[in-house]
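# Observations on the model geometry
Letter by letter, the chains look like this.
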Amino acid sequence: MRKTLTLIAIFALMVAVARGQVVFEDMADELNINDLDNGRTAAVVDLDNDFVNEIILINLHQDNRIYTWQDSVYIEMSDYYDINYCLLANNITVADVNLDNRPDLYINDAPDQHQARMYVNDMPGPFLDRTQLYGLGYTQSAGSAFFQMTPNSGLCLLTGNRLMNMQYGTFIEITQGSGLEGLTNVFCPVFLDIDGDYDDDLFIAGDHEMNYGSLFLNNGDGTFSDISTNTDESGFGYGQQVSFGDIDNDGDFDLYVTSGFGTNKLWQNDGTGYFTNITDISNTGYGGYSRSSSFGDFDNDGDVDLYVNRTDDYKVLFINDGNGIFTDYSEEAGINDYGTGMGCAVGDLNGDGGLDIVSMNANSQGNQIYINQSAEETFLKVKVIGRGSNTLALGAILELYADSDPQLEEEFIGKREISSHPVVGGVNDLVAHFGTGDHSNLRLVIHFQSGAVTDTMGLQTSTTVIIYEPEMVAVDDPEISLPVNNMILRSYPNPFNNSTRITIHGGESDLYDLAIFDLLGRRIRSVSIENRDSELTSFTWDGQNDSGQPVPSGVYFVRGRSGTLSAENKISLLR
C-alpha cells in the first residue's frame, strides 16, 4: 500500500504565536498514517541519512509501518521494507550493527513469545532479517536497548535478561559476572549517565505493578552494581515506564517514572545518582494509566518539557518554568485528546527546528501526529557520528553552554544523551535537539563513550551541525572482563567464481562449526571441521548449498564458531 501527501500540508497550518507558548496540530489524517488498530511503539529516526526523519510504527496483530520521504512526498512503504515478522511486537531499539552508518532495527515481540528480530537497514532496498546471523533471537522479556558499556567494549545490547557484546560481527552473551544476572521482566531498560562520570548506567521499569524500578550503577570495569534503594524513599516503588531529562539544567539527568495504576513520580537527581521524589512540588503527579512519556524542549526556551501518553485520561503536555516546576498546558497546546495511549516518540518531522510528537493508541483509536506549529528559530540540532562498532554514537553526552564574554561565567543551557531506547514505547530523533532561548553564540562539549571529547565554540542558533567522534587510542584495562575473541577467518579469492578457500585459525574447542548465510539470513551451507590448533584450518566452498545445488551470484556471509568464540567474513560469488 502506498499513500502520498506533499510536504506542503505539514506547513499549511503554521501559525504565529509569541515565544514561550506552544501549539500543536494533529495531522495524522492529513498524513494518512491513522489506519492502525492496535499501535504499540513509535520511532522517529532518519534511516537514510538525508536529514529527514522517517516514522516507524510498531503494532500488535497488524503489520508494522515505515513512512519515508521521497522527492518531497510522504510514502507508506511497509510492504516493501517488510519488518513484519513479529506480529505481537511491543518494543523497538536501534543501532548500526553492520557498520554502514545507518540505523538498524531490533524489534521485540510480546514477552510470552520470547523472540526478537534484527532488521538490517539496506535502504533504498528492503530491510533484511539478520537475526540468526548476529546470534540474536531469543529474549526473556519485551524490552531491549543498545549501549556501550566501557570505552573498549564497543557495542553492547541488553535484550531481556541477556547482556550481549558485539565481537567480530556477532553478539556474544556476557551476562555472567556482569552484575545483571537474574533480571526478570525487563520491559523498559533505559541507559543513561546518572552520576556524572559519562558512562552509561541502567534503569529498568517493569511492565506490571508488581515490579519495582531497578537502578544499576556502571562500575566502569564491565560490571554493574544494584543501587535501587538510592532514593529518599529507599527505592523507586512500582513503575511501568521511565524517561529521563535534566529538568532544572543543573547538569544531571532526572527520572520520570510512570505508573499503570497509581501516580507518576518525578525523581530529582543530586548529581551523584541519589534521587529525591519531587512529584508534588513539580506538579507532575498525574495518573490515568500512563504508558509512555518523553522529555523535550517543545517551546525552544532552553529547558525540557514533558509529554505523557495516558490510557485512561487525556494526553498531557507539561511546560517547564526553567526550575523543574511544570504547568499542564495540554488544552492550550491542543493535545488534550483522549485515547488508549501507548507509546510515543519525539523528533523534528518537518525540519523547522520544533519538536513534533508521534503518539500511539490501541483499540482501533488511531494515532496522533502532533506537528509543532509554534517553533521559534531558537534551536540547535546536533547530529553525532561515532566510530568503531558504535557509529551512531550511542551514549554520547552533549552539554551546551552560552559562549559568553571570557570574563564571565558561562551559562549552562542543557544536557542531552544519544539513546537507542529513551522510553519504553519509542525511539526519539537521534539528532540531539536544544532549545536555545535568547542565546545566539554557543559552545558545545560532547563526551563520547570511548572517552573522546570534542569542544566546539562559536556555534550559532537555528542551525544543524555534524560532530564526528575523534579517534581515540584505546588503553587495555586488565580489569575489564569482556571476553576476548581470538579467532581469525578469511576467504580467498574474494570475489570468486568457482570456489573460494575459507581459512580459520584460533578458537577454544576441537571443532569449528562453519556456516554460510545468504542476504536474507538463511543458512545455505554448514559443515563441522577439525581445529588443528597451531595450523590454519581450511574449507573450500564450491558455491553449492547443503543439497548440492549451485547457489546464485550474490553476497554471502561466512561464520565460524568454536566454543563461545566466533568470527565472520563477507564473500561475493560471481558466476
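Source: prediction; values computed, not measured.

### Here we look at the overall build of the protein
- Along the backbone of the protein there are four helices and 43 strands.
- Taken across its 575 residues, the protein has 61% of its residues classed as buried.
- Across the protein, contacts joining residues at least 24 apart in sequence account for 55% of those joining residues at least 6 apart.
- For the protein, the accessible area works out to roughly 21,400 Å², and carbon and sulfur atoms hold 48% of it.

### A look at the environment of L136
- With respect to the helices and strands, L136 occurs in the loop between β9 (128–129) and β10 (144–148).
- Taking the C-alpha atoms as reference, L136 lies 9.0 Å from I172; in sequence the two are 36 residues apart.

### Considering the side chain of N91
- Take N91: it is sitting in strand β6 (residues 91–95).
- Taking the relative accessible area as the measure of exposure, N91 reaches 1% and is therefore buried.
- For N91, the side chain forms a polar contact with the side chain of H421, separated by 3.0 Å.

### Re the pattern of salt bridges
- For the coordinates displayed, the defined rule picks out eleven salt bridges.
- Where R522 meets D518, a salt bridge forms, and the shortest distance between an N and an O atom there is 2.8 Å.
- D518 gets classed as buried once you look at its relative accessible area, which sits at 9%.
- Counted as one network, the salt bridges with shared partners bring together E410, R443 and D455.

### So, the sheet that holds strand β1 (residues 24–26)
- The sheet built from four strands is open, its strands ordered β1-β28-β27-β26 with antiparallel pairing. A strand with exactly one partner marks an edge of an open sheet, and here the two such strands are β1 and β26 (341–347). Going from strand to strand, the sheet's axes swing by 20° on average, the running direction of each strand aside.

### A look at the sheet that holds strand β19 (residues 254–258)
- Taken in spatial order, the four strands of this open sheet run β18-β19-β20-β21, and their pairing is antiparallel. Every interior strand has two partners, whereas the edge strands, β18 (241–245) and β21 (275–277), have only one. Strand-to-strand twist of the sheet, defined as the mean angle between neighbouring strand axes without regard to direction, takes the value 25°.
- Pairing of strand β20 (residues 265–269) with β21, which is carried by three bridges, proceeds in the antiparallel orientation. Its bridge partner being in β21, N269 is matched across the sheet by F275.

### Points about the pairing of β26
- Within β26, seven of the seven residues are buried, which leaves it mostly tucked inside the rest of the structure.
- Bridging between β26 and strand β27 (residues 356–361) involves five bridges; their strand directions are antiparallel. Across the sheet, the residue bridging to C344 is S359, located in β27.

### Quick notes on the nonpolar core
- Core analysis: the biggest nonpolar cluster contains 59 residues, and V97, F146, F171 and V382 have the highest contact counts within it.
- The contact partners of F146, leaving out residues within four places of it in the chain, are T93, V94, A95, V97, Y106, M118, L155, C156, L157, F171, L394 and S420.

### Here's the deal with the confidence of the model for the protein
- With 85% of its residues at a pLDDT of at least 70, the protein reaches an overall mean of 83.
- Across residues 1–19 the pLDDT falls below 50, and counting only partners more than four positions away or on other chains, this stretch makes 47 contacts in the model.
- Every residue in residues 473–485 scores below 50 in pLDDT, and together they form 24 contacts with partners more than four places removed in sequence or on other chains.

### Things to note about the packing of aromatic side chains
- Under the definition given, this model contains 17 aromatic pairs.
- A centroid spacing of 5.0 Å and a plane angle of 75° characterise the contact between F244 and F253, whose relative ring orientation is edge-to-face. Of the two residues examined, F244 and F253, each falls in the buried class.
- Joined through ring pairs, the aromatic side chains of F24, F298, Y307 and Y370 make up one cluster.
- Looking at K415, its charged tip hangs above the ring of F253, at a distance of 4.9 Å from the centre.
- Cation over ring: R443 sits above Y401, and NZ or CZ is 5.4 Å from the ring centre.

### Notes on a nonpolar patch on the surface
- On the surface, a cluster of nonpolar side chains totalling about 330 Å² of accessible area is made up of F51, I466 and Y468.
- Among the structural elements, Y468 can be located in strand β36 (residues 463–468).
- With a relative accessible area of 54%, Y468 lands in the exposed category.

### So, the environment of T461
- Tracing the chain through its elements places T461 in the loop between β35 (453–460) and β36.
- Setting aside residues no more than four positions away along its own chain, T461 makes contact with E377, T378, F379, T436, H439, S440 and L442.
- Only 2.8 Å separates the side chain of T461 from the side chain of T436, close enough to count as a polar contact.

### Some words on the environment of E181
- Along the chain, E181 turns up in the loop between β13 (170–173) and β14 (188–192).
- Separated by 20 residues in the primary sequence, E181 and N161 place their C-alpha atoms 7.3 Å from one another.
- For E181, the residues in contact, after removing those within four places along its chain, are T175 and Q176.

### Observations concerning unusual backbone geometry
- A positive phi angle, close to 65°, is found at F51, a residue other than glycine.
- With respect to the element layout, F51 can be found in the loop between β2 (39–45) and β3 (54–59).
- The partly exposed category is assigned to F51, whose relative accessible area is 46%.

### Some details on the side chain of N361
- Position of N361 among the secondary structure elements: in strand β27.
- The class of N361 is buried, set by a relative accessible area of 0%.
- One polar contact links the side chain of N361 to the main-chain amide nitrogen of G341, over a distance of 3.5 Å.

How each quantity is defined
- Residues numbered from 1 in each chain as written.
- Predicted model: local features only at pLDDT ≥ 70, side-chain atom pairs only at ≥ 80, totals over all residues.
- Heavy atoms only, no water.
- Helix = DSSP H or I, 4+ residues; strand = E, 2+ residues; numbered from the N terminus.
- Buried < 20%, exposed > 50% of the residue type's maximum accessible area, 1.4 Å probe, protein only.
- Contact = heavy atoms within 4.5 Å.
- Areas by Shrake-Rupley, 256 points an atom, 1.4 Å probe, with all protein chains shown as cover.
- Polar contact = N/O pair within 3.5 Å; in protein donor to acceptor, adjacent residues only side chain to side chain.
- Salt bridge = Lys/Arg side-chain N within 4 Å of Asp/Glu carboxyl O.
- Pairing = 2+ DSSP bridges.
- Axes fitted to C-alpha atoms, helices over the stretch in contact; angles between N-to-C directions.
- Core = buried A, V, L, I, M, F, W, Y, C linked by side-chain atoms within 4.5 Å.
- pLDDT = per-residue confidence, 0-100.
- Phe/Tyr/Trp six-rings, centres within 6.5 Å; stacked < 30°, edge-to-face > 60°.
- Lys NZ or Arg CZ within 6 Å of the ring centre and 35° of its normal.
- Patch = residues over 30% accessible without salt bridge, like charges linked within 9 Å, V, L, I, M, F, W, Y side chains within 5 Å.

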